[in-house]
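# Structural overview
Here are the chains, one letter per residue:
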Amino acid sequence: QVQLVESGGGLVQPGGSLRLSCETSGIIFRIYNMGWYRQAPGKQRESVARIITDGSSDYTDSVKGRFTISRDNGRNTVYLQMNGLKPEDTAVYYCNAQKVIHIGTPPINYWGQGTQVTVSS
């Protein structure tokens, strides 16, 4: 059974920091591309950061320079270090594991249950 369990969310003041963790089980973690997504109330879920199997990463423009995604293949865990948090970062943050089995076919996607991040004074 595949499980992605996020932790580390909470309430933080603007300018503060949080570190999200997503521990996985039931998948061969090192062969999955991992990502963090977020969904704010009334908005669509958006990609925040991704890290692929070779360790390279990319970010949505609004978090570049503030957020850092990393992975520990030994611990089957992906992290999101969030610094300089802003009220507009408030959302439920979801962990995603994705793998393309065959080119041209939809990838396999697994999702965590989400963790709430609230940035407010």
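Structure shown above.
Reference entry: report on the structure contained in this document. Just so it is clear, the structure is predicted and the values come from calculations on it, not from any experiment.

How each quantity is defined
Residues numbered from 1 in each chain as written. Predicted model: local features only at pLDDT ≥ 70, side-chain atom pairs only at ≥ 80, totals over all residues. Heavy atoms only, no water. Phe/Tyr/Trp six-rings, centres within 6.5 Å; stacked < 30°, edge-to-face > 60°. Helix = DSSP H or I, 4+ residues; strand = E, 2+ residues; numbered from the N terminus. Buried < 20%, exposed > 50% of the residue type's maximum accessible area, 1.4 Å probe, protein only. Lys NZ or Arg CZ within 6 Å of the ring centre and 35° of its normal.

Under the criterion given, the structure shown has 2 aromatic pairs. With 6.2 Å between their ring centres and 45° between their planes, Tyr 32 and Tyr 110 make a pair best called tilted. Separated by 78 residues along the polypeptide, Tyr 32 in the loop between strand 3 (18-25) and strand 4 (33-39) and Tyr 110 in strand 10 (residues 108-111) bring together distant segments of the chain. Accessibility expressed as a relative area gives 7% for Tyr 32, which makes it buried. A relative accessible area of 28% places Tyr 110 in the partly exposed class. Between Tyr 37 and Trp 111 the ring centres are 4.9 Å apart and the planes differ by 70°, which places this aromatic pair in the edge-to-face class. Of the two residues, Tyr 37 is situated in strand 4 and Trp 111 in strand 10; the sequence distance between them amounts to 74 residues. We classify Tyr 37 as buried; its relative accessible area is 17%. Stacked on the ring of Trp 111, the Lys or Arg Arg 45 has its end atom at 4.6 Å from the ring centre.

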